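Fold and geometry: a report
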Amino acid sequence: MAVDQQLKIELGKQGVFVTTIEELYNWGRKNSVWPMQFGLACCAIEMIATTMARYDLARFGAEVFRPSPRQADLMIISGTVTKKMAPQVVRLYNQMAEPRYVIAMGACAISGGPFKQGYNVLKGIDRYIPVDVHIPGCPPRPEALIQAFMTLQKKIDGQPLTGEKRPRHLNPEAQGEFPVPEQGAHDLEPTSNSGVWPIPVIIR
Amino acid sequence: MTPSIAHPDRVEGWNRPPIIEPDGEGELLEVAMGPHHPSTHGVFRMDVALDGERVIRLKPVFGYLHRNHEKIAEGTSYLASMPYTDRLDYFCSLTNNWAYALAVEKLVGQQVPERAEYIRVILAELTRIQNHASTIGFLTQEMGASGTPLMYAFREREKILDLFEQLTGSRMMCNYMRFGGCRVDMSAAHLDSARKIVAGLPGFIDEFEALLSTNEILMARCQGIGKLKPELAINAGVSGPMLRASGVDYDIRKVDHYGIYDRFKFRVPLGDHGDVYDRYMVRVLEMRESVTILEQALKDIPAGPIMDPKAKIRGFRPKPGEAYGRIEAPKGELGFYLISDGTPNPYRYRVRPPSLINLTVLEDMCLGESVADVVVIFGSVDIVLGEVDR
Amino acid sequence: MAYTGDNPLMKTVEEIKAAIEAAVPGAGVDIISNPSVSGQHSLLIAQSHALQVAQFLRDDTELALDYLSNVTGVDYLDKEISEKVKVTRTVTKTVDGVEQQVEETVDETRKRVEPGYLETVYHLFSVAKKHGPVVLRMRTVNRTDQVEMPSLTPIWRGAELQEREVFDLYGVVFTGHPDLRRLLMWDEFKDHPMRKDYVEPDDFEYEPTPHDQVLERAKQHAASESASIQEGAETR
């Protein structure tokens, strides 16, 4: 049940704040998303530049970058995920506590990027873990990362507490552990996680 | 499956790592530092065996960022590999471009006009300054300074990246050098902003040194740690500031006389002890020497073309043969080895990565030290994973 | 504006070869000339005396090549060479109505397979004398079973990680290397990816605009998929 905006503003002028639990809950969550200090390649340098003095990410709530996955809410996959590193990325994602979000930063994290024809390059991290925001670019500018952060905040704002579209951490039947791929003789086994990444059918 | 680090490396020799016996009883603690670790410069793993806090064995594990750049280059043309060289040492994309352009120019005997050489030197020295500043910033962050020197370094870096963006179109992946010159010309406005940046650099380096060089925490944590003897450094193929901090006078700008470095008067700083503090000081002094070169280059830059008009860009098919070209990149000796077989794609394209080869002696430097010093020594080697793993 | 590039040695390649053969008798050294403008000719050394040659190059007072800069692996596939050979044969022919034995020269094309090999190229410089580069090459016998080569790590420590990389990506086994493991790929990986005949694993399931080799693989995918669907339909 949404609150009428005019009424809200009128009451607010009197010092009475009317809101729903959902808005309050999401407001608290979206303004203190703590990223994990997880940089893989060149995009990590732009991520570091985003946290530096010129493009300050801390004013959006990402105050501290936690090194430990147990304490982080957001994993920014910045850089190429190689097949050697992929099991580690999935393991780190599994270790993060819900609610957790993933931003795939850069072309390499979305689909393999310029290194797509690589025997060691994983063609997109969304083969194994669910991704919330994709940022194209090689590397994306710090402003693009801030835009992605704001998009994520909007997404968190729109998550309902009950019903079909509720987030994973409020849904006891949702999948929490994503299977970690094994490093086989020629490639990773399995090559993708069909629950997360349904292979689109192309009609040629 | 992580293999245990009990590899049979008990080979004796003057250039082998020293064999250290644990003095306590009980088992060694085997820790994998990385690939996700707040203090590694990217995805890099070190398997260490610890006796309490002392490091008994250290084996680095590479390959977490192996993006098979060399295999891709065998399938693309020479010019199309230029953007991939940006992504090798992603801090210093312009020097990577120059090294590759130099190797191809050596292969075909391509001449470069004078103004282009000046522009190359200006951009390379600006790259060197921002790389050394960032390295020192990361080193102090790993010592626990929580980002303050890094913020100062990145403040200067942003100014230099603004110039790169105005000139080449991109902050980091510049893709600017071509075989026979540069892509676009530096206009008077670009040169003016370069002069403004260079005018502000001595003040920044003074501020940096006042903050760090006589800081007692930095001196206590860096002096006497991670010593590297000069004979071992030469034998192990170490290059760059790490080699010069051990006292070896080998700067490729002076040895190979590539580009027009002969026209500039600059000194090569050398260290006495080969420890972490010497590497830090060599980098600071190299920043000052780069400012000297920049002032001279910006004063003398002539007018003229920036690209050889006879250079073949489309349909570039070098004759069969091979060439090895190298430059003094900020991290060390960056070399490209090309074998051409007359087709538009190279037959063999090899990058000689300074960061990987500087890590050959990581074990030698860290054995016997405490595990907290491993992080500091590793930070002083100054690696970038894009170059180590390519 | 030309660059001078390398700092050439006082000796030419022929003089270095003569010096090696004087110091290490029996060492098989050949000169491989480099047709490009760079003028970096290389010395092909045989495997039998490689360590002694390397030691001489490092310890000689005039050459003093104490700095190994670069170790590269190169792959050469088997080459099928077809050459035209003139063959003389005696043939029975009728000349002016009389049968005679006449000698005839005919052109015949003969095909032979020159075995491929794996090669390692070493670039040496001198820090003491500040000259270089001197290029050494070593070749294996073939690409399949005889892929050993002596390791130069005991002479130059700088070869340690680079020879591991050549082992990882090309499959050259360096005898005498203190720690020969894979460097860049994971340990359970079975292939040697930089070889010219390596086939990449098939993870191009989703490719919106394929072209060239990827298009070929996508077509094979579609063909095998329709074949398996047909098989499934038939078995039912």
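Bear in mind the structure is a predicted one, so any value in this text is a computation, not a measurement.

**What to know about the overall build of chain B**
Each helix and strand in chain B was counted, giving 15 helices and 8 strands. Principal-axis analysis of the C-alpha atoms places the extent of chain B at approximately 70 × 50 × 35 Å. Sorting the 390 residues of chain B into buried and exposed places 59% on the buried side.

**What to know about the interface of chain B and chain C**
Taken together, the contact pairs 51 residues of chain B with 39 residues of chain C. For the side of chain B that touches chain C, the elements supplying multiple residues, two or more each, are helix H1 (69-75), helix H3 (93-108), helix H4 (114-145), helix H8 (230-235), strand E6 (321-329), strand E7 (332-340), strand E8 (348-352) and helix H12 (354-358) of chain B. Classifying every residue of the side of chain B that touches chain C gives 22 nonpolar, 15 polar and 14 charged.

**Digging into the interface of chain A and chain B**
Contacts between the two partners involve 28 residues from chain A and, on the opposite side, 24 residues from chain B. Among the elements that line the side of chain A that touches chain B, the one with the most residues is helix H3 (residues 42-51) of chain A, at 4 residues. Residue composition of the side of chain A that touches chain B, by class: 18 nonpolar, 8 polar and 2 charged.

**What about the nonpolar core?**
Residues Met75, Ile77, Ile103, Met105 and Ile125 of chain A together with Ala103 of chain B are the most contacted members of the largest nonpolar core, which totals 217 residues. By residue number, the principal contributor to this core is H4 of chain B, which donates 13 residues. Beyond its immediate chain neighbours, meaning those up to four positions away, Ile125 of chain A contacts Ile77, Val81, Val89, Ala104, Ala109 and Val131 of chain A.

**Thoughts on the domain arrangement of chain A**
The domains assigned to chain A are domain 1 (1-30) and domain 2 (33-159). Each of domain 1 of chain A and domain 2 of chain A has a C-alpha centre, and the two are 32 Å apart.

**Concerning the sheet that holds strand E4 (residues 133-135) of chain A**
Residues and elements named next belong to chain A. Here 4 strands make up an open sheet; going across it, the order is E1-E2-E3-E4 and the pairing parallel. One side of each edge strand has no neighbouring strand; the edge strands of this open sheet are strand E1 (35-36) and E4. Looking at chain direction, strand E2 (residues 74-78) and strand E3 (residues 101-105) are connected through 5 bridges and run parallel. Residue pairing for E3: Ser78 is matched across the bridge by Met105. Sheet strands touched by H3: E2 and E3. Its angle to E2, the strand with the most contacts, is close to 130°.

**Structural notes on H3 of chain B**
When the terminal C-alpha atoms of H3 of chain B are compared, their 23 Å separation across 16 residues agrees well with the 22 Å that a helix rising 1.5 Å per residue should span. One or two residues past the end of H3 of chain B sits Gly109 of chain B, with phi positive at roughly 75°.

**Focus on the sheet that holds strand E2 (residues 45-51) of chain B**
All names here are of chain B. With antiparallel pairing, the 3 strands of this open sheet are ordered in space as E1-E2-E3. Strands at the two margins of the open sheet, each flanked by one partner only, are strand E1 (29-33) and strand E3 (54-61). Taken pair by pair, the neighbouring strands of this sheet meet at an average axis angle of 20°, ignoring direction. The pairing of E1 with E2 spans 5 bridges and is classified as antiparallel.

**Details of the pairing of E2 of chain B**
Residues and elements named next belong to chain B. Pairing of E2 with E3, which is carried by 7 bridges, proceeds in the antiparallel orientation. Across the sheet, Met46 pairs through a bridge with Pro60, a residue of E3. Counting the residues that bridge the hairpin from E2 to E3 gives 2 residues, and of these Gly52 lies at a positive phi of roughly 75°.

**A few points about the packing of helix H2 (residues 21-30) of chain A against helix H6 (residues 142-157) of chain A**
Residues and elements named next belong to chain A. It is the contact of H2 with H6, at a shortest axis distance of 9 Å, that shows an interaxial angle of 155°. One way to sum up the angle between H2 and H6 is to call them roughly antiparallel. As H2 runs across H6, the sense of the crossing is right-handed. Mapping the contact onto sequence places Asn26, Arg29 and Lys30 in H2 and Gln153, Ile156 and Asp157 in H6. Counted by class, the contact of H2 with H6 contains 1 nonpolar, 2 polar and 3 charged residues.

**Notes on the pairing of strand E6 (residues 117-125) of chain C**
Regular strands place their side chains on alternate faces of the sheet. Residue and element names in this part refer to chain C. The buried count for E6 comes to 8 of 9 residues, which makes it a mostly enclosed element. The sheet contact formed by strand E3 (residues 67-76) and E6 spans 9 bridges and is antiparallel. By the bridge assignment, Leu68 is partnered in E6 with Leu124. Here E6 pairs with strand E7 (residues 134-139) via 6 bridges, running antiparallel. Pairing of Glu119 across the sheet is with Arg139, part of E7.

**Points about the packing of H3 of chain A against H6 of chain A**
Residues and elements named next belong to chain A. Between H3 and H6, whose axes approach to 9 Å, the crossing angle comes to 75°. Taken as axis vectors, H3 and H6 run roughly perpendicular relative to one another. On H6, the residues that touch Glu46, Met47, Ala49 and Thr50 of H3 are Pro142, Leu145 and Ile146. Tallied by class, residues from the contact of H3 with H6 come to 5 nonpolar, 1 polar and 1 charged.

Definitions and cut-offs
Residues numbered from 1 in each chain as written. Chains lettered and ligands numbered in written order. Predicted model: local features only at pLDDT ≥ 70, side-chain atom pairs only at ≥ 80, totals over all residues. Helix = DSSP H or I, 4+ residues; strand = E, 2+ residues; numbered from the N terminus. Buried ≥ 20, exposed ≤ 12 C-beta atoms within 10 Å, placed from the backbone. Contact = placed C-beta atoms within 7 Å. Nonpolar A, V, L, I, M, F, W, Y, C, P; charged D, E, K, R; others polar. Core = buried A, V, L, I, M, F, W, Y, C linked by C-beta atoms within 7 Å. Domains from an automatic or database assignment. Pairing = 2+ DSSP bridges. Axes fitted to C-alpha atoms, helices over the stretch in contact; angles between N-to-C directions. Expected span 1.5 Å × (residues − 1). Parallel < 35°, antiparallel > 145°, perpendicular 65-115°, else oblique. Left-handed = near helix turned anticlockwise from the far one by under 90°.

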